[in-house]
Amino acid sequence: MTRSDRPDKGRTTSSRALWLAFVFFIAVSFAALTLPDHPGAFSSAAFLRFPLEIPLMALALLVLPRRMAAVLSVLFALAVFTLLFLKIADIGVQSAFQRRFNPYLDMKMLADGWNVFSGTLGPWQAGLALGMVVAGFAGVLVLYFRAELRLIKLTTTQKRGTVIATLALLGIGVALHFAETPMRAEMKALPYLGNRLALIERSITDMRQFERDLVARDDAGSGDDLFAGIRGRDVILVFVESYGRSAVEDPLYSPVTVPRLENVESALAGAGFAAASGWLVSPTMGGLSWLAHGTFLSGLWTDSQARYDRLMISNRQSLNRLFRQAGWRTAAVMPAITMDWPEASYFGYDQVFAASDLGYRGKPFNWITMPDQYTLSAFERLARQPARASGTPLMAEIALISSHAPWTPVPRLISWNDVGDGTVFNSQAESGETPQTVWSNRDDIRDHYIRTIDYSLQTLGDYITRFGDDAVFIVLGDHQPAPIITGPDASRAVPVHVVSRDAALIGRFEADGFTASMIPARDAPEIPMDTIRARLVELFGQTSGPTK
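Numbers given to residues run from 1 along each chain, matching the order in which its sequence is written. For a predicted model such as this one, the threshold for reporting local features is a pLDDT of at least 70, and the threshold for listing and counting side-chain atom pairs is 80 or more; totals across whole chains, interfaces and linings nevertheless cover every residue. Side-chain figures throughout are based on the complete set of non-hydrogen atoms in the structure, without hydrogens or water.

## Concerning the overall build of the chain
Here's step 1: Numbering of helices and strands runs from the N terminus, with a helix taken as a DSSP run of H or I at least four residues long and a strand as a DSSP run of E at least two residues long. Assigned secondary structure in the chain consists of 21 helices and ten strands.
Here's step 2: Per-residue accessibility, obtained with a 1.4 Å probe over protein chains only, is compared with the maximum for each type, and a residue is labelled buried under 20%, exposed over 50%, and partly exposed between these values. Looking at the chain as a whole, 50% of its 548 residues qualify as buried.
Here's step 3: Across the chain, the fraction of contacts at a sequence separation of at least 24, relative to all contacts at a separation of at least 6, is 77%. In what follows, a contact means two residues having at least one pair of non-hydrogen atoms within 4.5 Å.

Here it is in structure tokens:
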């Protein structure tokens, strides 16, 4: 090699690096600007778009003075990667909750998402996957910014070809904008980001309205008439995880759920119980069960973590506190609570039975700490029997979690006499497919989901039949499961069942629009969940029969 060869090699390498930087800038920008923001929007047609922002950004970096271009490069990188982050977040939130990601309200969900993610994959696998995603995202951001700087630092001679190529791209984009072709040329980045800022602004306004709702007069009732119609009876409120309207009516699931509800209804009737059922519209879907609990018990629409957090430090009386005020002992049975739960103080429980308080010595069912049958058995032993012995009626709130994702393994009902300390469930906990196997196939996910719902309903029906006595049961779903189970356009309604041996009480619910069955009528109204607290206060306060 002669000396005269070296400058040519240097120029070739520099030219190659220049075009690599230019192509990388174009490719990443194109990916961020054309990526759909909804899982149902992915198709080849979704990427038949020509974002006009790309050649305009490139021209700004190439022709403006270097200092101005350097400032713009930072703004461009932040805008492109903010857009990319928001779209990825939108896809995730749409997949789980059927709504857009709201930075103002949803950032607090990250810790809860991690709990579910690590519980499904395992902490090490989940940590590795998350680390790879974060590292990959940060790495692409750094490379993108370096590509911008390379374009800015080009000499006038080096810029000539790149500017010509960029102007050609801009010309193609303008031509496509006015032509009738499948590919569309458009500018959507600023409207997209502007809409997200508007969403944040609306959320701030919404929180101000919620503040006003919290201090508004609460006519829930008080005094001797409060719950006079059920005086002296236990009231047991049971939330069934992910038990939504789709589980009852979707053709994929109704062949399992409808016969189960019919069997439960028959068994309850044989034991002297009657049931009335309806639909409640949950403030959430796919997760965030505590929002449903907060809405039901406070009588205020609590559809975001921000609203929930504010509710927790308010003086709004929960349904639990109203029962305690009227002479009931209040308890919470929360097998999913494994850490400190400061929010419990808002609800006004006399006693909280978290996972560690329930005495379960068996193995967990992956993320699920214990099967529903054990939860109900422990509730009967630890809360209900002592309350019965003291002669004080009990108002209990129970969360059943066997139907929580990942829905494997599926528990089985056993003899209540054999439940013991829960070690009898070890063989069940070690059986079945792993979450990774189940979640690799959509049909398997759906099959396991409905089998866990079937188990929860069977177990709950058997418990009420055997141990219900004169208690009043309110059984409802907290929310619909994720769209992977329901499809993208499912109702947000959940079933609610009121079960009691008091026929007059059940008649009052029927007169209020409930269906005289464990299966709500298809045309029954979907009642917002925040209105049920006032209805319970009214119907439980009546001492006469129903009025038509």
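Okay, back to it.
## Remarks on the packing of aromatic side chains
Here's step 1: Aromatic rings from Phe, Tyr and Trp, with only the six-membered ring used for Trp, were paired whenever their centres fell within 6.5 Å, and each pair was classed as stacked if the ring planes differed by under 30 degrees, edge-to-face if by over 60, and tilted otherwise. Throughout the structure, instances matching the rule amount to 22 aromatic pairs.
Here's step 2: With 6.5 Å between their ring centres and 65° between their planes, Phe227 and Phe540 make a pair best called edge-to-face. Of this pair, Phe227 sits in the loop between helix H8 (189-215) and strand S3 (235-240) while Phe540 sits in helix H21 (residues 532-541); the two residues are 313 residues apart in sequence, bridging distant segments of the chain.
Here's step 3: Taking the centre distance of 6.4 Å and the plane angle of 55° together, the rings of Phe379 and Tyr463 count as tilted. Remark: Tyr463 occurs in helix H18 (residues 442-467) and Phe379 occurs in helix H15 (residues 372-390); sequence separation between them is 84 residues.
Here's step 4: A relative accessible area of 1% places Phe379 in the buried class.
Here's step 5: Exposure remark for Tyr463: the relative accessible area of 1% places this residue in the buried category.

## Re the packing of helix H10 (residues 254-270) against H18
Here's step 1: The angle between two axes is taken between their N-to-C directions and runs from 0 to 180 degrees, where each axis is a line fitted to C-alpha atoms and a helix contributes only its stretch in contact. Packing of H10 against H18 brings their axes to within 9 Å, and their N-to-C directions diverge by 5°. Taken together, the axes of H10 and H18 are roughly parallel relative to one another. Each of Val256, Thr257, Arg260, Leu261, Val264, Ala267 and Leu268 in H10 lies in contact with H18, whose residues at this interface are Ile450, Asp454, Leu457, Gln458, Gly461, Ile464 and Thr465.
Here's step 2: Within the contact of H10 with H18, the residues separate by chemical class into eight nonpolar, four polar and two charged. The labels follow the angle: roughly parallel below 35 degrees, roughly antiparallel above 145, roughly perpendicular from 65 to 115, and oblique for the rest. Residues are grouped as follows: Ala, Val, Leu, Ile, Met, Phe, Trp, Tyr, Cys and Pro are nonpolar; Asp, Glu, Lys and Arg are charged; every other residue, Gly included, is polar.

## Some thoughts on the pattern of salt bridges
Here's step 1: Salt bridges are defined by distance alone: a side-chain nitrogen of Lys or Arg within 4 Å of a carboxyl oxygen of Asp or Glu. If you walk through the whole model with that rule in mind, you get 15 salt bridges.
Here's step 2: The shortest N-O distance in the salt bridge between Asp350 and Arg324 comes to 3.3 Å. On the criterion of sequence distance, the pair formed by Asp350 in the loop between helix H14 (344-347) and strand S6 (351-354) and Arg324 in helix H13 (residues 319-325) is long-range, its members being 26 residues apart.
Here's step 3: A relative accessible area of 34% places Asp350 in the partly exposed class.
Here's step 4: What you see here is one network of salt bridges that share partners, running through Asp234, Glu380, Arg384, Arg388 and Asp469.

## Observations regarding empty space enclosed by the protein
Here's step 1: Of the two site types, the cavity is a set of points on a 1 Å grid over the protein atoms alone where a 1.4 Å probe fits but cannot get out, and the pocket is an open set with protein on both sides within 12 Å along at least five of seven lines, each lined by residues with an atom within 4 Å of a point. Grid points are joined across faces, edges and corners, and a volume is the space filled by probe spheres set on the points. Taken as a whole, this structure holds two cavities of 30 Å³ or more when the rule is applied.
Here's step 2: As a volume, the largest cavity reaches approximately 80 Å³.
Here's step 3: The wall of the largest cavity is formed by Leu261, Val264, Leu268, Leu457, Leu460, Gly461, Ile464, Val475, His497, Val499 and Met518.
Here's step 4: For the lining of the largest cavity, the elements supplying multiple residues, two or more each, are H10, H18 and strand S9 (493-500).

## Topic: the sheet that holds strand S4 (residues 274-281)
Here's step 1: We call two strands paired when DSSP finds no fewer than two bridges between them. Read across the sheet, eight strands follow the order S6-S5-S7-S3-S8-S9-S4-S10 without closing on themselves; strand pairing throughout is mixed. Of all strands in the sheet, those bounded by a partner on one side alone are S6 and strand S10 (526-528). On average, each strand axis in the sheet is inclined to that of its neighbour by 20°, with strand direction left out of account.

## Considering unusual backbone geometry
Here's step 1: For the peptide bond that leads from Ala405 to Pro406, omega is 20°, which places it in the cis range.
Here's step 2: The residue after Thr408, namely Pro409, is reached through a cis peptide bond having omega -5°.
Here's step 3: Relative to the assigned elements, Pro409 resides in the loop between strand S7 (394-400) and helix H16 (426-429).

## Concerning the environment of Gly477
Here's step 1: With respect to the helices and strands, Gly477 occurs in strand S8 (residues 472-477).
Here's step 2: Gly477 gets classed as buried once you look at its relative accessible area, which sits at 0%.
Here's step 3: The spacing of Gly477 and Tyr243 is 234 residues in sequence and 4.3 Å in space, taken between C-alpha atoms.
Here's step 4: Contact partners of Gly477, with chain neighbours within four places excluded, come to Phe239, Val240, Tyr243, Val494, Pro495 and Met529.

## Regarding the confidence of the model for the chain
Here's step 1: For the chain, per-residue confidence averages 84 on the pLDDT scale, and 88% of positions sit at 70 or higher.
Here's step 2: For every residue, the predictor reports its confidence as pLDDT, a number between 0 and 100. Long-range and interchain partners of residues 1-13, a stretch whose pLDDT sits below 50, account for one contact in this model, where long-range means more than four residues apart.

## Quick look at H8
Here's step 1: Helix length check: H8 (27 residues) gives 40 Å between terminal C-alpha atoms against 39 Å at 1.5 Å per residue, within 8%.
Here's step 2: Of the positions making up H8, those classed as buried are Ala189, Tyr192, Leu193, Arg196, Leu199, Ser203, Met207, Phe210 and Leu214. One less than the residue count of a helix, multiplied by 1.5 Å, gives the span that helix is expected to have.

## Some details on the side chain of Thr34
Here's step 1: Inspection of the secondary structure assignment puts Thr34 in helix H1 (residues 5-34).
Here's step 2: Polar contact criterion, stated in full: a pair of N or O atoms within 3.5 Å, where within protein one must be able to donate a hydrogen and the other to accept it, and residues adjacent in sequence count only if both atoms are side-chain atoms. Here the side chain of Thr34 touches Phe30 through a polar contact of 2.6 Å, landing on its backbone oxygen.

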